[in-house]
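If you want the building blocks of each chain, they are given just below.
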Amino acid sequence: MTTSATSGTGPADPAGPTENSLRRALKRARDGVALDVSEAAVLLQARGEHLDALTASAARVRDAGLEAAGRPGVITYSKSVFVPLTRLCRDKCHYCTFVTVPGKLRRAGHGMFMSPDEVLDIARKGAALGCKEALITLGDKPEDRWPEAREWLDAHGYDDTIAYVRAISVRILEETGLLPHLNPGVLSWTDFQRLKPVAPSMGMMLETTATRLWSEPGGPHHGSPDKEPAVRLRVLEDAGRSSVPFTSGLLIGIGETYAERAESLFALRKVSRSYHGIQELIIQNFRAKPDTAMRGMPDAELDELVATVAVARHIMGPSACLQAPPNLVDAEYERLIGAGIDDWGGVSPLTIDHVNPERPWPQIEELAAKSRAVGFELRERLCVYPEFVRRGEPWLDPRLRPHVAALADPATGLALPDAPVVGRPWQEPDEAFTASGRTDLHTAIDTEGRTSDRREDFDEVYGDWAALREAAAPGMAPERIDTDVRAALATAADDPTRLTDDEALALLHADGPALDALCEVADDVRKSAVGDDVTYIVTRNINFTNVCYTGCRFCAFAQRRTDADAYTLSLDQVADRAEQAWEVGAVEVCMQGGIHPDLPGTAYFDIARAVKARVPGMHVHAFSPMEVVNGATRTGMSIREWLSAAKEAGLDSVPGTAAEILDDEVRWILTKGKLPAATWIEVIETAHELGLRSSSTMMYGHVDQPRHWLGHLRTLAGIQQRTGGFTEFVTLPFIHTNAPVYLAGIARPGPTVRDNRAVTAMARLLLHPHIPNIQTSWVKLGTEGAAEMLRSGANDLGGTLMEETISRMAGSSYGSYKSVKDLIAVADAAGRPAKPRTTLYGPVPEERQRAARDSDGHLPQLLPVLD
């Protein structure tokens with residue numbers, strides 16, 4: 001790799017910008033016109049008078065933001081301690097002196113990780129000095145490279161480094177009162193769920209989006225798997241999806257060009273716009289260190305840093321929080337303030353900067369004086385920024401709220417300087433199952449309807465709609481299909497297992513006579529696979545809460561706890577509904593709910609036990625993969641451990657919901673914070689391995705295309721071939737009426753009749769012979785629509801439901817209950833006999849059938865509405 005001798009310059013910009021291009025870009029910046037990448041690259045090279053003009057403009061943008069935030073003339077910092085939890089790392093960054101090797105640690109008398117006693121000693125001393133942040137920094141996944149790290153974790157009872165980070169964070173909260181800010185490197189979506197309950201904020205520097213600095217030999221990040229820009233951008237997006245206040249930033253002067261630096265800033269702006277979760281941006285200047293591969297690289301000059309801060313301010317806008325580390329600029333503080341920063345970052349009166357140990361922190365009094373000299377008041381903040389303190393849910397986990405509230409000024413969200421820093425219990429919220437809200441919604445939805453068509457935080461909870469619209473556009477474009485449909489139909493009729501992807505895609509696009517022929521082929525395959533019986537189950541849906549902050553953009557069911565339609569059932573109410581269902585012949589209860597922030601991870605076990613205690617013979621079909629992950633991460637258990645415990649508590653099978661479309665291109669349009677496709681697959685396969693069978697589902701007709709349906713069905717077939725755990729496949733047409741993604745003008749208004757027939761028929765063919773049961777949804781399609789699907793390859797009608805809130809909240813007009821006679825009538829309309837079944841498609845005991853017949857058409861006694 002060729003690395004330029006001058007920071008920020010390179011092959012793309014050796015000569016620098018012209019005078020005219022600089023003046024033009026400066027004018028656009030002064031006038032508040034949005035800059036593009038090329039203009040930003042020009043401004044990064046401003047020097048002399050041009051740089052003065054650029055910084056003056058940036059300072060005005062910053063001042064407008066501080067005024068709007070209610071803290072004009074305030075520059076902030078966090079009083080912190082630096083905890084280097086481990087200096088082992090699997091990466092090999094060529095400029096880093098923080099990372100070391102096991103042998104050096106042993107020779108220095110250190111363990112592979114800091115012990116809990118060592119961590120708590122630093123934290124207690126920091127608390128005594130009034131520090132409020134514990135900055136926990138460590139190398140990426142050291143156990144993947146160093147056996148000694150793996151041995152230390154095993155010896156101390158931790159599955160991985162993240163488990164130790166979580167455990168030590170809890171101890172810091174409980175025993176010292178400091179708030180952990182976590183910098184553990186690259187995290188997965190699941191890692192964020194594990195750590196969010198124990199830390200108000202987290203961070204990871206993007207550093208650069210210049211892939212060549214990672215991919216080419218000799219580059220500063222070559223040989224470091226966690227420094228691939230695409231990986232790091234995915235982490236920033238997962239933080240936003242998980243509603244984690246997140247710190248990121250750039251490391252400038254490591255060989256990137258000005259254009260690459262500008263591209264990195266725009267990548268950060270894109271993530272910030274999409275999720276509103278980047279709480280601060282750090283602009284850090286490279287400093288060469290001895291004994292590193294980049295020891296001969298020149299330091300990033302102060303003008304480079306000042307210009308980058310100013311350009312970052314223009315790109316990120318007035319509301320962004322910008323920081324430059326004060327210990328890396330030789331006391332030139334006024335130039336950074338003049339360029340548009342509003343924060344100095346963490347400053348410790350106790351510990352050194354272990355990443356830059358040669359650069360001591362300035363005294364807080366010196367920072368205050370330097371800031372005051374240019375008209376700014378230095379104020380202390382917490383590790384989580386004021387905006388996120390004031391936002392509350394979903395950005396702060398309920399278990400952290402008391403810890404943050406004890407140290408925060410409720411009026412400003414800044415730190416209370418004299419607040420006592422003492423340990424407080426970290427525990428699950430009390431009274432998780434106190435009945436509250438509109439607990440009659442399961443019936444009132446059919447008589448009174450919902451209070452409004454959208455929740456009150458519609459414009460905030462789902463992310464930025466404009467950015468989402470841009471992201472959705474490419475995936476919505478239809479494809480040209482050239483494959484011969486007639487040849488594909490012949491293959492399907494002969495042996496559907498031989499359908500190629502091109503043939504399957506052609507059939508998914510079939511219409512007119514070709515679609516009729518496709519449905520006939522699928523119906524023939526259905527008859528040979530499972531016969532003519534149309535199966536159904538007497539079941540009751542119990543949605544135990546609709547309070548949820550996950551931000552699924554297709555979901556009209558989720559509510560904030562303060563919304564008019566929000567509710568949570570008590571355990572007794574859940575058990576009452578299960579008992580009532582048993583009395584009218586049910587063999588199953590299907591229980592799912594929102595991801596309520598106050599429900600502990602063990603709440604799901606309590607629900608299963610409550611039902612089994614009241615009705616021992618009832619099959620408990622409950623908890624979507626999203627709920628499984630929520631339970632596991634809240635308890636600190638692995639997915640396998642949590643599912644095993646749920647099975648012991650009475651769980652019999654799991655619904656394969658929360659799948660939507662198993663393609664993250666579509667998932668991240670449909671949902672802000674739900675689990676990725678890979679995690680859904682992990683949960684389902686783990687459940688199957690433990691003997692917990694599941695259904696499988698696909699929700700379609702929103703921002704998807706037939707190619708996504710094909711990929712989804714192929715994925716399900718692959719899982720079934722590996723595990724054999726799916727009982728059925730359920731088609732779930734998107735109900736658009738009250739869906740946020742439709743109300744925002746992004747999704748189309750649900751699937752067409754053609755789509756429904758094609759999906760049902762192709763599910764039969766593509767899942768054959770692995771998943772024999774194909775279920776259609778009467779609650780989404782109605783009686784006539786369901787009968788048509790029975791003629792297109794489906795063999796199952798699902799259940800009586802008794803109550804159905806999710807689709808009805810979305811705007812489905814087909815009710816919440818079907819009697820057994822109603823379901824038999826649907827089968828009759830398709831010219832087929834009907835037959836009751838159990839969850840696992842076994843025969844229903846005669847006693848259950850008799851109870852169902854005797855009570856048919858009568859809903860269970862309604863529960864009283866609570867005042």
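Residues numbered from 1 in each chain as written. Predicted model: local features only at pLDDT ≥ 70, side-chain atom pairs only at ≥ 80, totals over all residues. Heavy atoms only, no water.

Digging into the confidence of the model for the chain
1) Next: Across the chain, the average pLDDT comes to 90, with 90% of residues at 70 or higher.
2) Next: Predicted confidence for residues 1–12 stays below pLDDT 50, and this span has 31 contacts to residues more than four positions away or in other chains.
3) Next: Across residues 862–867, confidence stays below pLDDT 50; counting only partners more than four residues off in sequence or on other chains, it has eleven contacts. (pLDDT = per-residue confidence, 0-100. Contact = heavy atoms within 4.5 Å.)

A closer look at the pattern of salt bridges
1) Next: A full pass over the atoms with the stated rule returns 55 salt bridges.
2) Next: In this structure, the salt-bridge partner of Asp303 is Arg335, at a minimum N-O distance of 2.9 Å. Here Asp303, found in helix 12 (residues 302–316), pairs with Arg335, found in helix 13 (residues 333–339); they are 32 residues apart in sequence, far enough to count as distant.
3) Next: The partner of Lys674 in a salt bridge is Glu660, and the shortest N-O contact between them spans 3.1 Å. Taken as a pair, Lys674 in the loop between helix 27 (664–670) and helix 28 (677–689) and Glu660 in the loop between strand 16 (653–654) and helix 27 lie far apart in primary sequence, 14 residues in all. Note on accessibility: Lys674 and Glu660 belong to one class, buried.
4) Next: In the salt-bridge network here, residues are joined through shared partners; they are Arg47, Glu256, Arg261 and Glu304. (Salt bridge = Lys/Arg side-chain N within 4 Å of Asp/Glu carboxyl O. Helix = DSSP H or I, 4+ residues; strand = E, 2+ residues; numbered from the N terminus. Buried < 20%, exposed > 50% of the residue type's maximum accessible area, 1.4 Å probe, protein only.)

Some points on the pairing of strand 5 (residues 246–252)
1) Next: Most of strand 5 sits out of view: seven of its seven residues are buried.
2) Next: Judged by which residues are buried, strand 5 turns out to be covered on both faces: Phe246, Ser248, Leu250 and Ile252 on one side and Thr247, Gly249 and Leu251 on the other are all buried.
3) Next: Where strand 4 (residues 201–203) lies against strand 5, two bridges are found, and the strand directions are parallel. Residue Met202 lies in a different strand from strand 5, and its bridge partner there is Phe246.
4) Next: Bridge count for strand 5 against strand 6 (residues 278–285) is seven bridges, and the pairing is parallel. Bridged to Phe246 within strand 6 is Ile278. (Pairing = 2+ DSSP bridges.)

Some words on the pairing of strand 11 (residues 534–537)
1) Next: Burial along strand 11 is two-sided: Val534 and Tyr536 and Thr535 and Ile537, pointing in opposite directions, are all buried.
2) Next: Taken together, the three bridges between strand 11 and strand 21 (residues 834–836) define a ladder with parallel strand orientation. By the bridge assignment for strand 21, Val534 is matched with Ala834.
3) Next: Summarising the sheet, strand 11 and strand 20 (residues 796–799) pair through two bridges and their orientation is parallel. Opposite Ile537, over in strand 20, you have Gly799 as the bridge partner.

Topic: the packing of aromatic side chains
1) Next: Applying the stated criterion to the full structure yields 15 aromatic pairs.
2) Next: Judged by centre distance (5.9 Å) and plane angle (85°), the rings of Phe113 and Tyr164 are edge-to-face. Taken together, the residues Phe113 in the loop between helix 4 (102–107) and helix 5 (116–128) and Tyr164 in helix 7 (residues 161–175) connect sequence positions 51 residues apart.
3) Next: With a relative accessible area of 3%, Phe113 lands in the buried category.
4) Next: A relative accessible area of 0% means that Tyr164 is categorised as buried.
5) Next: A centroid spacing of 5.8 Å and a plane angle of 70° characterise the contact between Tyr700 and Trp709, whose relative ring orientation is edge-to-face. The residues Tyr700 and Trp709 share a single accessibility class, namely buried.
6) Next: Grouping aromatic residues by their ring pairs yields a cluster made of Phe544, Tyr604, Phe605, Phe623 and Trp642.
7) Next: Here Arg848 stacks its cationic end above the ring of Trp582, 3.6 Å away from the centre of that ring. (Phe/Tyr/Trp six-rings, centres within 6.5 Å; stacked < 30°, edge-to-face > 60°. Lys NZ or Arg CZ within 6 Å of the ring centre and 35° of its normal.)

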